[in-house]
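# Chains, contacts and geometry: an overview
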Amino acid sequence: MSDKLKIKLSIADRVYPLTIQAEQEEGLRKAAKKIEAMIKQFEQSYAVRDKQDVLAMCALQFAAQTEQKSIDNSSEVKLMEEKLRSLNNLLQEQLAT
């Protein structure tokens with residue numbers, strides 16, 4: 001039994017036919033809507049004539065968001081590791097006495 005689904009997504013006035021797993025559909029449709037909204041925002045905010053420029057700006061924006069989340073998560077993980085080490089040291093001290 002195949003869970004493959006054929007969908008069409010419209011991005012920057014082009015239609016992209018895709019064959020995907022059924023569970024990917026919602027995420028892909030939401031992503032396409034976000035891209036379209038960002039395209040409109042860039043077109044309204046800047047005098048951009050070429051769709052490729054707008055798409056490059058969108059790609060940069062999404063990549064920057066992804067990288068920033070990765071940096072933020074890394075910082076949070078380091079902080080938690082430090083707190084856990086400190087807690088573990090306290091526990092070890094209490095168990096030793």
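This text gives an overview of the structure that appears in the document.

About the cut-offs
- Residues numbered from 1 in each chain as written.
- Predicted model: local features only at pLDDT ≥ 70, side-chain atom pairs only at ≥ 80, totals over all residues.
- Heavy atoms only, no water.
- Phe/Tyr/Trp six-rings, centres within 6.5 Å; stacked < 30°, edge-to-face > 60°.
- Core = buried A, V, L, I, M, F, W, Y, C linked by side-chain atoms within 4.5 Å.
- Buried < 20%, exposed > 50% of the residue type's maximum accessible area, 1.4 Å probe, protein only.
- Helix = DSSP H or I, 4+ residues; strand = E, 2+ residues; numbered from the N terminus.
- Contact = heavy atoms within 4.5 Å.
- Axes fitted to C-alpha atoms, helices over the stretch in contact; angles between N-to-C directions.
- Parallel < 35°, antiparallel > 145°, perpendicular 65-115°, else oblique.
- Left-handed = near helix turned anticlockwise from the far one by under 90°.
- Nonpolar A, V, L, I, M, F, W, Y, C, P; charged D, E, K, R; others polar.

### Some words on the packing of aromatic side chains
For the structure shown, the criterion picks out 1 aromatic pair. Ring centres of phenylalanine 42 and tyrosine 46 lie 6.0 Å apart, and the angle between their planes is 35°; this geometry places the pair in the tilted category.

### Regarding the nonpolar core
Generally speaking, soluble globular proteins have nonpolar side chains that are buried together. Ile7, Leu9, Ile11, Ala12, Ile20, Ala32, Ile35, Met38, Ile39, Phe42, Val54 and Cys58 form the largest nonpolar core, which has 12 residues in total. Contributions of two or more residues to this core are made by strand S1 (4-11), helix H1 (25-45) and helix H2 (51-96). At 5 residues, the largest contribution of residues to this core is made by H1. Ignoring sequence-local partners within four residues, the contact set of isoleucine 35 consists of Ile11, Cys58 and Phe62.

### Regarding the packing of H1 against H2
With their axes 10 Å apart at the nearest point, H1 and H2 run at an angle of 120° to one another. Judged on the interaxial angle alone, H2 and H1 are oblique. The element H1 and its partner H2 pack so that their crossing is right-handed. The segment H1 lies against H2, with Lys34, Ile35, Met38, Ile39, Phe42 and Glu43 engaging Lys51, Val54, Leu55, Met57, Cys58, Gln61, Phe62 and Gln65. Of the residues contributing to the contact of H1 with H2, the split by class is 9 nonpolar, 2 polar and 3 charged.

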